[in-house]
Amino acid sequence: MFEWLEYEFMLRALAATSVLSFSIAPVGAFLVLRRLSLAGEAMAHAIVPGIVIGFVIAGLSVASMIIGGLAAGITVALLTSLLARFTIIREDASLASLYLISLALGIFILSAGGSAVPLKSFLFGSILGMDDETLYLIGATATVTLVSFALILRPLVTSTIDPVFHESRSSRPGLVVHWFMFLVVLNLLGAFKALGTLMAVGLMILPATAARYWVSTLTGYLVLTFLFALASCWAGLILSFYASEVPSGPAIILVAGAIFFVSVLFAPQGLGFLRRRRPSPR
Amino acid sequence: MVLSANELTLGYRGQAVVSNVSFHVAAGDVLAVVGHNGSGKSTLVKTILGTLPLIGGELSWHGGVPSEIAFLGQRSEFDTRVPIRLRDIVEMGAWSRLGFAGRIDPAGRAAIEAAMERTGTAAIADTPLHMLSAGQLQRALFARTIVQDAPVILLDEPFTAIDQSTEADLLALIDQWSGEGRAVIMVLHDLSAVLQHCHAALLLGRGTARFGPLDTTLTPANLVDLAYLTPSQAAWQERMFSRDAGSLSGGGDV
């Protein structure tokens, strides 16, 4: 039953997603706490045309993917805030409009350009996709993310809980927030080979929402989010190994979804079906 | 003198909300800022914090811009669903001195414990944020303000939706800050007993401002003039006030 351990592509995928979990978990945790889950989802789709244009122009290189993805992410973020500021449409609506255009444009270029990457792996990931470059990308993403968190954790926590207090204390209050959004895009790019562009954000959000039901300290939250992300990746990859028609992205996200529903039902801050029924306080 | 404001014009993107704002605060002063909704109270708070540029006038910090203004904002802007404990909120008061990763030393640790002791939150230090009542949260935020140990303290509606005993405890703390020579500026939502703890008032309204001692500034005439009260409310308040004063001074008549 451990035959999946004998395949190199599988070992690569397991190693890559383990490192990725270290990095994507804290990012997802704060994305959820900052009420940016949907913005993260939109951002994940918004970066697609950048990645695709990178593909079509420069082929399958990690550098072109990062440059294209970051450029598209920043463009959509800037356009969103400009539209929200200078027109009557609110931020959520302009973000939704732009990411839909962006996603459609990406898929259009990918199909018309005749890329070497099959559309299915592009959208939903593949366990076969973990080449050396992807491993380096994930390693670099994790390094940048963890070092960044060591530096910005305190201002990030402050600005999440008490934004006005944060503003009163910092000469550049926006810096932390912008750096955090950069980390979001970076981790989406890191997750993209294993999970695909449509599923990458799921590994960011689901472990974080599931973990929130169980804990009430920040350290506990970050650790549990990581463990849930790791468990989802491993179980999902093994699932995808046996059901070989199933791409790895949906398999991983379905495992994360199962953890989420178990948490909703049984965790103390969810519906709490495991809780001992105490006499009602009133 | 800690802070003096001369003929300030305050507002957003060049649009004035209020002008002719002049006031001064000395060490140990408690200044109340009162005004109707939209009179510019929050605008003034942001201007003092330095997050909003002045449109006109002069705001001078005597003895240099303080390295830290201890600011306590309205609780509606506070997110209580973040998984942290009361103790962490109080610790936030020390973070700006510690920089990115500095550890809290034993003295800092002791200061945090003392602040929780002083505000009556030591026993609930490990309670998660979402389990705290409004009063407990406000006590924790006052503890955070103590830990900040700042020469200037700025409070935005600190007593909204707070029960009487918490209000009394927190007002005692404001008296203590004043005694320690800190300057306290406090935005108040309504004219309440809290005003007894203030030394001066800044009344904002109808795009202008009045400043001075409480009894000459918050007069019925001024309150009506700056749209804080309607004339009939003011007349009622004056009747109540004179009856109180009468019963206090001429006690033997009845």
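Reading guide: rules and limits
Residues numbered from 1 in each chain as written. Chains lettered and ligands numbered in written order. Predicted model: local features only at pLDDT ≥ 70, side-chain atom pairs only at ≥ 80, totals over all residues. Helix = DSSP H or I, 4+ residues; strand = E, 2+ residues; numbered from the N terminus. Rg over C-alpha atoms; globule rule 2.2 N^0.38 Å. Contact = placed C-beta atoms within 7 Å. Pairing = 2+ DSSP bridges. Axes fitted to C-alpha atoms, helices over the stretch in contact; angles between N-to-C directions. Nonpolar A, V, L, I, M, F, W, Y, C, P; charged D, E, K, R; others polar. Parallel < 35°, antiparallel > 145°, perpendicular 65-115°, else oblique. Left-handed = near helix turned anticlockwise from the far one by under 90°. Domains from an automatic or database assignment. pLDDT = per-residue confidence, 0-100. Core = buried A, V, L, I, M, F, W, Y, C linked by C-beta atoms within 7 Å. Buried ≥ 20, exposed ≤ 12 C-beta atoms within 10 Å, placed from the backbone. Expected span 1.5 Å × (residues − 1). Bend = angle between axes of the 7 residues up to and from the residue.

### Focus on the overall build of chain B
Looking only at helices and strands, chain B features 8 helices and 9 strands. Relative to the globule expectation of 18 Å for 254 residues, the C-alpha radius of gyration of chain B, 20 Å, shows essentially globular dimensions. Dimensions along the principal axes, computed over C-alpha positions, put chain B at roughly 60 × 50 × 35 Å. A separation threshold of at least 6 residues defines the contact pool for chain B, and within that pool the share at least 24 residues apart is 68%.

### Quick word on the sheet that holds strand S1 (residues 3-12) of chain B
Residues and elements named next belong to chain B. In space, the 3 strands of this open sheet follow the order S2-S1-S4, with antiparallel pairing throughout. Taken across any chain shown, the strands that pair with only one partner, and hence form the sheet edges, are strand S2 (15-25) and strand S4 (56-61). Each neighbouring strand pair of the sheet contributes to a mean axis angle of 30°, computed without reference to strand direction. Bridge count between S1 and S2: 7 bridges; the pairing is antiparallel.

### Some details on the sheet that holds strand S9 (residues 208-213) of chain B
Residues and elements named next belong to chain B. Overall, mixed pairing links the 6 strands, which are arranged S5-S6-S7-S3-S8-S9 in an open sheet. Whereas interior strands pair on both sides, the edge strands pair on one side only; in this sheet they are strand S5 (69-72) and S9. Adjacent strand axes in the sheet meet at a mean angle of 15°, parallel and antiparallel pairs treated alike. By the bridge criterion, 5 bridges tie strand S6 (residues 152-156) to strand S7 (residues 183-187) in an arrangement that is parallel. Note that in S7 the partner of Leu-154 across the bridge is Ile-185. The strands touched by helix H1 (residues 41-49) within the sheet are strand S3 (30-35), S5, S6, S7 and strand S8 (200-205), with S6 carrying the most contacts at an inclination of about 155°.

### Some points on the interface of chain B and chain A
Listed by partner, the interface residues are 18 residues for chain B and 20 residues for chain A. Secondary structure elements with two or more residues in the side of chain B that touches chain A: S5 and helix H2 (86-98) of chain B. A per-element tally of the side of chain B that touches chain A places H2(B) first, with 3 residues. Across the side of chain B that touches chain A, the residue classes tally to 12 nonpolar, 3 polar and 3 charged.

### Let's talk about the packing of helix H1 (residues 8-33) of chain A against helix H9 (residues 173-195) of chain A
Residues and elements named next belong to chain A. Between H1 and H9, the least distance of the axes is 10 Å, while the angle of their chain directions is 150°. By the angle between their axes, H1 is roughly antiparallel relative to H9. Relative to H9, the crossing made by H1 is left-handed. For the pair formed by H1 and H9, the contact residues are Ala-13, Ala-16, Thr-17, Leu-20, Ser-23, Ile-24, Val-27, Phe-30 and Leu-31 on the first element and Phe-180, Leu-183, Val-184, Asn-187, Gly-190, Ala-191 and Ala-194 on the second. Taken together, the residues of the contact of H1 with H9 sort by class into 12 nonpolar, 4 polar and no charged.

### Here we look at the packing of helix H7 (residues 132-161) of chain A against H9(A)
Helix packing geometry: the angle between the two helix axes and the distance between the axes. Residues and elements named next belong to chain A. Here H7 crosses H9 at 155°, and the two axes come no closer than 9 Å. In terms of orientation, H7 lies roughly antiparallel with respect to H9. By crossing handedness, the relation of H7 to H9 is classed as left-handed. Listed contacts from H9 to Thr-134, Leu-137, Ile-138, Thr-141, Val-144, Thr-145, Ser-148, Ile-152, Pro-155, Leu-156 and Ser-159 of H7 are Pro-173, Val-176, Val-177, Trp-179, Phe-180, Leu-183, Leu-186, Asn-187, Gly-190 and Lys-193. For the contact of H7 with H9, the residue count by class is 13 nonpolar, 7 polar and 1 charged.

### Here we look at the domain arrangement of chain B
Residue and element names in this part refer to chain B. Domains assigned within chain B are domain 1 (3-66 + 151-218) and domain 2 (82-149). Using C-alpha coordinates to define each centre, domain 1 is positioned 25 Å away from domain 2. Each partner contributes residues to the interface: domain 1 has 9 residues there, and domain 2 has 7 residues. At 4 residues, helix H5 (residues 164-179) tops the list of elements feeding residues into the side of domain 1 that touches domain 2. Here the residues of the side of domain 1 that touches domain 2 are counted per class, giving 6 nonpolar, 1 polar and 2 charged.

### Considerations on the confidence of the model for chain B
Residue and element names in this part refer to chain B. The predicted model of chain B has a mean per-residue pLDDT of 88, with 93% of residues at 70 or higher. Low pLDDT (under 50) marks residues 246-254, which in the prediction has 0 contacts with non-local residues, meaning those over four places away or in another chain. We note a pTM of 0.86 for the whole complex and an ipTM of 0.83 for its interfaces.

### Let's talk about the nonpolar core
In terms of nonpolar packing, the biggest core is built from 149 residues, with A:Leu188, A:Leu203, B:Leu31, B:Val33, B:Leu154 and B:Met186 touching the most fellow members. It is H9(A) that provides the largest number of residues to this core, a total of 13 residues. Built from parts of two domains, this core gets at least three residues from each of domain 1 (3-66 + 151-218) and domain 2 (82-149) of chain B. If sequence neighbours within four positions are ignored, B:Leu154 has contacts with B:Val45, B:Ile48, B:Leu49, B:Ile69, B:Ala70, B:Phe71 and B:Ile185.

### Notes on helix H12 (residues 248-266) of chain A
All names here are of chain A. Here H12 contains 19 residues, and its C-alpha end-to-end distance of 27 Å stays within 8% of the 27 Å for a straight helix at 1.5 Å per residue. Every buried residue of H12 is listed here: Ser-248, Gly-249, Pro-250, Ala-251, Ile-252, Ile-253, Val-255, Ala-256, Ile-259, Phe-260 and Ser-263. The secondary structure elements touched by the buried residues of H12 are helix H6 (119-124), H9, helix H10 (200-212) and helix H11 (218-242).

### Considerations on H2(B)
At 3.6 residues per turn, the α-helix brings residues three or four places apart onto the same side. Here H2(B) spans 19 Å end to end across 13 residues, near enough to the 18 Å set by a 1.5 Å rise per residue. B:Met92 marks where H2(B) bends most, by close to 40°. Those residues of H2(B) lying buried are B:Leu86, B:Asp88, B:Ile89, B:Val90, B:Glu91, B:Met92, B:Gly93, B:Ala94 and B:Trp95. Against H7 of chain A together with helix H3 (106-118) and helix H4 (134-148) of chain B lie the buried residues of H2(B).

### A few points about the environment of B:Leu155
Residues and elements named next belong to chain B. Note that Leu-155 resides in strand S6. Overall, the presence of 25 C-beta atoms within 10 Å leaves Leu-155 in the buried class. Taking the C-alpha atoms as reference points, Leu-155 and Gly-73, 82 residues apart in sequence, are found 6.3 Å from one another. Contacts of Leu-155, omitting those with residues within four sequence positions, involve Leu-72, Met-186 and Val-187.

### Let's talk about the environment of B:Met186
Residue and element names in this part refer to chain B. Looking at the element boundaries, Met-186 is found in strand S7. Assessed through the 22 C-beta atoms surrounding it within 10 Å, Met-186 is described here as buried. Between the C-alpha atom of Met-186 and that of Leu-154, which follows or precedes it by 32 residues, the distance is 5.9 Å.

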